[in-house]
Structure formats: C-alpha cells, structure tokens
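Listed below, chain by chain, are the residues.
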Amino acid sequence: MAPMQERRNPALIDPAGKPCRSAAVLMLLYGDHQGRAQFALTQRPETMRDHSGQISFPGGRIEDGETALEAALREAEEEVGIDVPRDAVLGALSGLYIPPTRFCVTPYVATLDARPEFVLNRIEVARLIEASVADLVHPDNVRTTRRHIRGVDFEVPYFDLGGHVVWGATAMMLAEFRAIVLDGATD
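Residues numbered from 1 in each chain as written. Predicted model: local features only at pLDDT ≥ 70, side-chain atom pairs only at ≥ 80, totals over all residues. Heavy atoms only, no water.

Trainee: Is there a simple way to explain the packing of aromatic side chains in this structure?
Mentor: Each aromatic ring pair is summarised here by two numbers: the centre-to-centre distance and the angle between the ring planes. Counted according to the given criterion, the structure contains one aromatic pair. In this structure, Arg21 packs its charged tip against the face of Phe103, placed 4.0 Å from the ring centre. Across the ring face of Trp167, the terminal group of Arg147 is positioned such that the distance to the ring centre comes to 4.2 Å. (Phe/Tyr/Trp six-rings, centres within 6.5 Å; stacked < 30°, edge-to-face > 60°. Lys NZ or Arg CZ within 6 Å of the ring centre and 35° of its normal.)

Trainee: Which parts of the structure should I look at to understand the sheet that holds strand β9 (residues 142-149)?
Mentor: Note on sheets: strands pair through backbone hydrogen bonds, and any given pair is parallel or antiparallel. The strand order across the open sheet formed by three strands is β9-β10-β11, and the pairing between neighbours is antiparallel. Each edge of the sheet is formed by a strand with only one pairing partner; in this case those strands are β9 and β11 (164-167). Strand-to-strand twist in this sheet, taken as the mean axis angle between neighbours without regard to direction, amounts to 50°. Sheet analysis places β9 next to strand β10 (residues 152-161), joined by eight bridges and oriented antiparallel. The residue of β10 that forms the bridge with Arg147 is Phe154. (Pairing = 2+ DSSP bridges. Helix = DSSP H or I, 4+ residues; strand = E, 2+ residues; numbered from the N terminus. Axes fitted to C-alpha atoms, helices over the stretch in contact; angles between N-to-C directions.)

Trainee: For this particular structure, what's the right way to read the nonpolar core?
Mentor: With 29 residues, the main nonpolar core has Met27, Phe39, Leu41, Phe57, Leu161, Leu174 and Phe177 as its most contacted residues. Breaking this core down by element, the ones donating at least two residues are β1 (21-31), β2 (37-43), β6 (96-98), β7 (103-112), β8 (127-132), α3 (133-137), β10 and α4 (168-186). If you tally residues by element for this core, the top one is α4, at six residues. If we ignore the near neighbours within four places in the chain, the residues touching Phe177 are Met27, Leu29, Leu93, Val109, Val133 and Leu136. In this structure, Leu69, Ala72, Ala88 and Phe118 belong to the second largest nonpolar core, which totals 21 residues. (Core = buried A, V, L, I, M, F, W, Y, C linked by side-chain atoms within 4.5 Å. Buried < 20%, exposed > 50% of the residue type's maximum accessible area, 1.4 Å probe, protein only. Contact = heavy atoms within 4.5 Å.)

Trainee: What am I meant to see in the state of the cysteines here?
Mentor: Two cysteines whose sulfur atoms are joined by a covalent bond form what is called a disulfide. Scanning the entire structure with this criterion turns up one disulfide. The residue that forms a disulfide with Cys20 is Cys104, at a sulfur-sulfur distance of 2.0 Å. Between Cys20 and Cys104 the sulfur-sulfur dihedral comes to about -110°; the bridge is accordingly left-handed. Of the two residues, Cys20 sits in the loop between α1 (4-8) and β1 while Cys104 sits in strand β7, which places them 84 residues apart along the sequence. (Disulfide = S-S within 2.5 Å.)

Trainee: I would appreciate a short explanation of the pattern of salt bridges in the present structure.
Mentor: Two side chains carrying opposite charge are able to pair once their charged atoms lie near each other. Enumeration over the complete set of coordinates arrives at nine salt bridges. Where Glu70 meets Arg86, a salt bridge forms, and the shortest distance between an N and an O atom there is 3.0 Å. Of this pair, Glu70 sits in helix α2 (residues 68-80) while Arg86 sits in the loop between α2 and β5 (89-92); the two residues are 16 residues apart in sequence, bridging distant segments of the chain. We classify Glu70 as partly exposed; its relative accessible area is 30%. Judged by relative accessible area, Arg86 falls into the partly exposed class, the value being 48%. Across the pair Glu155 and Arg146 runs a salt bridge whose closest N-O atoms are separated by 3.3 Å. If you follow the salt bridges from partner to partner, you end up with Glu63, Glu66, Arg74, Glu75 and Glu78 in one network. (Salt bridge = Lys/Arg side-chain N within 4 Å of Asp/Glu carboxyl O.)

Trainee: How do you make sense of unusual backbone geometry when you look at a structure like this?
Mentor: Leaving glycine aside, a negative phi is the common case for residues, and trans is the common case for peptide bonds. Despite not being glycine, Arg102 shows a phi value in the positive range, around 55°. Topologically, Arg102 is positioned in the loop between β6 and β7. According to the relative accessible area criterion, Arg102 is partly exposed, its value standing at 46%.

Trainee: Sorry if this is basic, but what is going on with the environment of Glu66 here?
Mentor: Structurally, Glu66 can be placed in the loop between β4 (59-61) and α2. There is a polar contact of 2.8 Å between the side chain of Glu66 and the backbone nitrogen of Glu63. (Polar contact = N/O pair within 3.5 Å; in protein donor to acceptor, adjacent residues only side chain to side chain.)

Trainee: When you look at the side chain of Ser132 in this model, what are you seeing that I'm missing?
Mentor: By secondary structure assignment, the location of Ser132 is in strand β8. Setting aside residues up to four positions removed in sequence, Ser132 forms contacts with Ala37, Gln38 and Phe39.

What follows is the structure, given as structure tokens:
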C-alpha cells in the first residue's frame, strides 16, 4: 500500500537510522453489537499542521520519558476518550518512517470485547470512522488513484472503507494487519 516511490525503494519507509520525530498510534479492535470485528480511525481536522484532513489511527508524538506504547495509549485516551488497559495490547506492527513529516511511527494493536464509548477531542479529531475487518480484507476495497504530491503525480494505493479513502502511512499499517489476518485465515 506504499506509493510508487516507496514500493520501488522500501528503505525510504524503514525507520532504521532515520533522524525523525518519534510517534505511536493505536489500532483498536472491538466487537460491534453483532460481534463483528471493527476498528476505529479518526479524521484529522483541516486545521492541523501535520496530515490535516487525513484519516489515521489515534496517536501522536512520544513525550520525553514515555515509551511508544505509553504514547499510543495516552493519545488514544486524549483523542477519542478510551482507556485501553495494557493487557489488551496484542503487540506492535512494523515501524514506519513518514518522509513528508519525518515521523517514525510505531503502530500498536489492541482489542476490547465490545465497542467502547468514544468521546472525541474536537481539537484533534474531526470525525470518528468505524470500519469492519471484513471490509478491510475484502479485495474489492483495495484500489488505486492518482495524487499530486509535492509537484509530482503518483499512483497511490488506498483502502475504500465505507466510502472513506484511507491511504499513506495508515493504509500501509492496515495492509500489514490485513496480511496477518489473511495469513491466519489460511492456517
């Protein structure tokens, strides 16, 4: 799910050895009222300095003295009002370097049995987007589009999740999670 230039040179998105700002995000899985696996994404307000208007996981910068996991859990609480216990964390996905903003992001995956009561911080979150794991793994929801980025046109892959275009770093994280789910489904 990386844009073309990163697909040609995967080292561009590998955080190893990159001078970057450290950040962490949380992919929270939970069951809906019918027990189907869901996850939450946020849409950032257009007023945000970095990644304005984009769809992402709750997350943000790692503060001094804080681990990546602590940052992911804190940011989830600050942005969408959920207190996820440490024992609900399943683990981390691969770290990712985001060249335009020079962030090195560590994504974590956690699970809760039921949908939490989300309380959005409207300064950091314009909208909560809930998507199903079934939609994520459905092949028809993997698409491509052309984007004009920093003066160059690129063919960019994305997930269409309920009509929402999820691309860039979030799509790359979701693609890794999707591969894990699909690999587990064939075992």
